[in-house]
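Here's the letter readout for the chains.
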Amino acid sequence: MKGMTIIVKKTTQLIAGIVFLYGIYIIIHGHLTPGGGFAGGVIVAGAFILLILAYGSDFLKLVKEEAGSTLYENLAVLVALFLAISGLLFGTRVFFLNWLPKGTPGELVSAGMLPLYNIFIGIEVAASILSIFLALVIFKEEISK
Amino acid sequence: MNPLIPLFVVVPLAGAFLIMILGRFIKHFDRTLASLILLFLVVISFYGLFTTGENSAVYRVGGWEPVNRIPIGIHMVLDAFTIIILCIVNLIGFLSVVYSISYISRYTSENYFYALFCLMVAGMNGVVLSGDLFNIYVFLEISAISSYALVAFGVERDELEATFKYQVLGGLASFLILFGIGFIYWKTKTLNIADIKTIFSSGYDPKYNLLVQILLLCGFGLKAAIIPFHAWLPDAHSSAPSPISAMLSGVLIKAIGIYVIIRLFFNMFAITEGMAILITTLGTLSMVVGVFLAIGQWDIKRLLAYHSISQMGYVILSVGIGMILISRGVRQEVAALAMAGGIFHLINHAAFKGLLFLNAGAIEYSTGTRNLNEMGGLAKSMPATSATSFVASLSISGIPPFNGFFSKLIIIIAAVMARFYFLAALAAIVSIITLASFLKFQRYAFYDKAPEKIKNNIKEVPFPMVFSMIILSIICLLLSLLAFPGIRETILTPATDILMDPSKYTSQITGI
Amino acid sequence: MTLYWLCFILFLTGLYGVITRRNLVKIAISLSIMEFSIFLLLALVGYVEGGVAPIVDPSDPVKTYVDPLPQAMVLTAIVIGLATTAMLMAVIIRLYRKYGTFDIREMKNLRG
């Protein structure tokens, strides 16, 4: 798939970083404002997909990109599961226990384990949506050859 | 048993993602890790079978204690009915993974297969263990999406068309289930099954209850392939690779279809007589129509898939008889017998149908065809396959001393004692027609003269496949011991007690 | 009350699309319309008269909030719907490569 015109390329270079930062803001403030892991992850994936759409797929080596994004996805889920299991070691020994100290409500560093879960689920959702998109693009490349 | 409950879901889930990471670096990592994970699950589920008697274990995820005797948070409940289904799921899963060590080597990208298989087992374990209505939906979707991908694993024309049909109908089923969950939440404002039971038993609005029950019955009936909703089953089960057919037909339609129907209708809703008669009618229709559609088939796996519909009809029939007797409030011991017969037939069907699908896969692996007209005389060249197939065919037709005989006997006796003579006669006639169909299968596949083009190069299948088939046939013989009074008391009777006694399930959860 | 009837009419519209359309992609889009109608129903179930969005502001604590549990259910169900649609689209692309057409009447290999 060929890239787009130079106006689109320059605008995407400026905008993609802002979209990425906005996605990270939504992920990290998941316990204070609406959003959280899922919605923020989709926005972060959107930043990467914007870059791939603007620059075209001959510019990037997409098969290596896909191997990398599936690796991030699986690692993030394993870390999230490990955090859930770590509840078995503290306190009343149940799964998914919220064992970090909960601060005052309304602060950024508060509510125990929730920001950690949000971050890793955000990474996982972003990586998996990117993997889906890359798999479809790679398949289309292989058809048209 | 308390700390072992979340391991049933966590271990296969972690294993699936670990196989995806390390599977492309280390050579045979995926098959050994999948086998080890499922072996571990088999060991802890059998440990649970012998330690869970009358008491059930409740695991509160996140540690949220009930406030004013109202449960908050998600509960995972392990009681006597659950542990039976967990044993079946993990055992057939383990034997299918061992079988697929040599079967899947003919496909490409093997590590995706083992990862999706572990995800499917994790989803089924989650559905069976959950005590919360929306949690059932989430785990049901996990196992269903994994099974859509597994049916289409070798991407040929047949498999893709079958999985498209399966996906559209499965998606429709999920939306109906979510619709039902939305309606239940509207009235009760809670999602915990025991708490919904407490609220439903105090007030009773018949039209609302009828709407919710019909929606949930249609949704889960589509997943369980009862007769008006069976259209996806023959295509999906015959086009999938053989270990996946054994898993789909042996455990998936039971764990996410029939188990949830039995659990919701006995432990959540108050049973009305109209609904019980509807369920019994659907069971009878499944039994009869399934076997008549199966007689004319010449493709082995389509024949077995139609027989799955018929045997599931037996289970629903006996559960329906139990429901009719409970709703009329008479003859509780006959209802207990009918329920025990139904659950026993569920266990038996997983064993012999899994074995039959694994045999069909072995035949296809050796001869390369699935059409009964093109094969014959395999009894001499494939001795292990033909012996285990003989055992499985006798089991499904209900010949003593194999397990199918005892479970069908209990169902027919319960129907006669409840004075449903017509249903008992139908059950016996369907069993005879099943015997006719499997005699045809045996004759054309194994005991005929071999046609010329496949005569000389048939060998026995490799060792992992033979190992799984022999273990399953030994299990078919051992399961007939469940009908005897000593063993039945420890395994089947606590399951029927939990289902039939209306207060026993809720007192474990809200009383603590 | 009319809002609930409208959700149901949207569900029936999606169901009509799944049954009568011949193009594979249109069947997938109708399936998406059906699931969105159920998300609307679930989000409507949690409405409380005079309630505001369930975000706790520490300086202004006591108010009537709208029920947040159906909103969490809808978030989870949206992600599940995304996974189902992605799976369906992957199968549709493979089907197009095998048969060369999107018409569902051409794919009649499995019969009987």
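Residues numbered from 1 in each chain as written. Chains lettered and ligands numbered in written order. Predicted model: local features only at pLDDT ≥ 70, side-chain atom pairs only at ≥ 80, totals over all residues.

1. Considering the overall build of chain A
As a reminder of what qualifies: Labels follow the DSSP assignment, with helices taken as runs of H or I lasting at least four residues and strands as runs of E lasting at least two, numbered in each case from the N terminus. Residues are called buried when their C-beta atom has 20 or more other C-beta atoms within 10 Å, exposed when it has 12 or fewer, and partly exposed otherwise; all C-beta atoms are positioned from the backbone. Residues are treated as contacting if the C-beta atoms built from their backbones sit within 7 Å of each other.
The secondary structure content of chain A amounts to four helices and zero strands. Listing the helices and strands of chain A from first to last along the sequence gives α-α-α-α. By residue count, 32% of the 145 residues in chain A fall in the buried class. Sequence-distant contacts in chain A: of pairs separated by 6 or more residues, those separated by 24 or more amount to 69%.

2. Quick word on the interface of chain B and chain A
At the interface, 12 residues of chain B touch 13 residues of chain A. Ranked by the residues each element gives to the side of chain B that touches chain A, the list is headed by helix 1 (residues 7–22) of chain B, at seven residues.

3. Describing the environment of C:Leu95
Inspection of the secondary structure assignment puts C:Leu95 in helix 3 (residues 69–99). A count of 23 C-beta atoms within 10 Å places C:Leu95 in the buried class. Sequence-wise, C:Leu95 and C:Tyr4 are 91 residues apart; in three dimensions their C-alpha atoms are separated by 37 Å. Beyond its immediate sequence surroundings of up to four residues, C:Leu95 is in contact with B:Leu160, B:Phe164 and C:Leu24.

4. Let's talk about helix 8 (residues 206–224) of chain B
Residues and elements named next belong to chain B. The condition that has to hold: The span one expects for a helix is its residue count, reduced by one, times 1.5 Å.
With 19 residues, helix 8 extends 26 Å from end C-alpha to end C-alpha; this agrees with the ideal 27 Å at 1.5 Å per step. The complete set of buried residues in helix 8 reads Val-212, Gln-213, Leu-216, Leu-217, Gly-219, Phe-220, Gly-221, Leu-222, Lys-223 and Ala-224. Within two residues after helix 8, Ala-225 carries a phi angle of roughly 60 degrees, on the positive side.

5. Section: the nonpolar core
Residues and elements named next belong to chain B. Filter applied, for reference: One nonpolar core equals one set of buried Ala, Val, Leu, Ile, Met, Phe, Trp, Tyr and Cys residues connected by C-beta atoms within 7 Å.
The biggest cluster of nonpolar side chains holds 246 residues, and the ones touching the most others in it are Phe-117, Cys-118, Met-124, Ala-255, Ala-415, Ala-427 and Cys-476. Sorting elements by how many residues they give to this core places helix 13 (residues 332–367) first, with 20 residues. In contact with Cys-118, other than residues within four places in its own chain, are Pro-12, Gly-15, Ala-16, Ile-19, Ala-34 and Ile-37.

6. A few points about the confidence of the model for chain A
Which entries qualify depends on this criterion: The predictor attaches a confidence to each residue, and that confidence, scored 0 to 100, is pLDDT.
Averaged over all residues, the pLDDT of chain A is 84; the fraction at 70 or higher stands at 95%. Model confidence for chain A, summarised as mean pLDDT per element, is weakest for helix 3 (residues 62–85) of chain A at 84 and strongest for helix 1 (residues 6–28) of chain A at 92.

7. Re the interface of chain B and chain C
Between chain B and chain C, the residue contacts involve 25 residues of the former and 25 residues of the latter. Taken together, the elements giving at least two residues each to the side of chain B that touches chain C come down to helix 5 (133–151) and helix 6 (157–188) of chain B. For the side of chain B that touches chain C, the leading source of residues is helix 6 of chain B, giving 16 residues.

8. What about the packing of helix 15 (residues 383–397) of chain B against helix 17 (residues 421–445) of chain B?
Residue and element names in this part refer to chain B. As a reminder, the rule being used: Lines fitted to the C-alpha atoms define the axes, with helices restricted to the stretch that makes contact. Angles between their N-to-C directions range from 0 to 180 degrees. Working definition: roughly parallel below 35 degrees, roughly antiparallel above 145 degrees, roughly perpendicular at 65 to 115 degrees, and oblique for all remaining angles. Two helices crossing with the near one rotated counterclockwise from the far one by less than a right angle form a left-handed crossing, whereas a clockwise rotation gives a right-handed crossing. Throughout this entry, Asp, Glu, Lys and Arg are counted as charged residues, while Ala, Val, Leu, Ile, Met, Phe, Trp, Tyr, Cys and Pro are counted as nonpolar. The remaining residues, Gly among them, count as polar.
The contact between helix 15 and helix 17 brings their axes to 8 Å, and the two run at 165 degrees. In terms of orientation, helix 15 and helix 17 fall into the roughly antiparallel class. Here helix 15 runs over helix 17; the crossing is right-handed. On helix 17, the residues that touch Phe-390, Ser-393, Ile-396 and Ser-397 of helix 15 are Ser-431, Thr-434, Leu-435, Phe-438, Phe-441 and Gln-442. Of the residues contributing to the contact of helix 15 with helix 17, the split by class is five nonpolar, five polar and no charged.

9. A look at the pairing of strand 2 (residues 75–78) of chain B
Residues and elements named next belong to chain B. Just so we agree on the cut-off: For two strands to pair, DSSP has to find at least two bridges joining them.
Burial along strand 2 is two-sided: the residues His-75 and Val-77 and Met-76 and Leu-78 are all buried. Where strand 1 (residues 57–60) lies against strand 2, four bridges are found, and the strand directions are antiparallel. Within strand 2, the position partnered with Arg-60 by the bridge is His-75.

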